[in-house]
Amino acid sequence: MNAPRHYQQESDLYRIQDAHSRWMKETGDCNMVHKGDIRHRVFSGCRRFDISKILHYWEDDQGEIIAWVALYPQHEHYDMSLAPYLRHTDFHSHVLDWIEPNLVALVEETQDKTPTHISCETMRCDPQHQALLESRGYEYKSQDYCLTEQSLDRDIPQAQFPDGFYVRLATVDDFENLADVHNHSFRNQWAGETYGKVFTS
């Protein structure tokens, strides 16, 4: 089996997102993170790490991406996605064989501890994936998300904002304000400069 390539440049992310979107279009969103979450989880959640150690992908003989993996050592967790024709195959197991020891090693390197367990997400719509994980010793822990869908077969009414609220694209000039909003919505951990680095990564 071929070895993964490691993130080196912005075009790697775009290629991963493009492949992921095509797979989702082909088979639906079961066990698939939103393509925007790939950037968010990697470049925001892992901003303190060397991204070449976080984001990895496999190519076929023609140079097409067929799988990608993101390792999150701070959470002892990972995301992965494969081309539909490779799911629940020996290659799927091969990718898991690579993930597990490499995630443990990255936790040891960056968190100064040896994890007692690692985790990933799975969805009820994919019992084969659940069975594969259970065959490797994974156990169900909790339900963390509930996904809902909005049909596009009918018109969606225009959102009505309260007075004084509006939506526009953020720019470089907004980094300080964006950091302030983020800090008041989640944890107080951002400065405009660090938010800007993630925003433009």
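Preceding this section is the structure that the text describes.
These figures come from a predicted structure and were not determined experimentally.

Quick notes on the rules
Residues numbered from 1 in each chain as written. Predicted model: local features only at pLDDT ≥ 70, side-chain atom pairs only at ≥ 80, totals over all residues. Heavy atoms only, no water. Disulfide = S-S within 2.5 Å. Helix = DSSP H or I, 4+ residues; strand = E, 2+ residues; numbered from the N terminus. Buried < 20%, exposed > 50% of the residue type's maximum accessible area, 1.4 Å probe, protein only. Core = buried A, V, L, I, M, F, W, Y, C linked by side-chain atoms within 4.5 Å.

**Some remarks on the state of the cysteines**
In this structure the tally under the stated criterion is one disulfide. The side chain of C30 participates in a disulfide bridge whose partner is C125; the two sulfur atoms lie 1.9 Å from each other. Its S-S torsion of approximately 105 degrees makes the covalent link between C30 and C125 right-handed. Of the two residues, C30 sits in the loop between α1 (10-27) and α2 (35-44) while C125 sits in the loop between α3 (90-111) and α4 (127-135), which places them 95 residues apart along the sequence. Given a relative accessible area of 21%, C30 falls into the partly exposed group. Of all cysteine sulfurs in the structure, the one in C120 sits closest to C46, which takes part in no disulfide; the separation is 16 Å. Taking relative accessible area as the criterion, C46 reaches 0% and is therefore assigned buried. For C120, a relative accessible area of 22% puts it in the partly exposed group.

**Here we look at the nonpolar core**
Core analysis: the biggest nonpolar cluster contains 41 residues, and L55, W68, Y78, V95 and I99 have the highest contact counts within it. When contributions to this core are tallied by element, the ones reaching two or more residues are α1, α2, β2 (55-59), β3 (65-72), β4 (77-82), α3 and α4.

The values are spatial; any link to function lies outside them.
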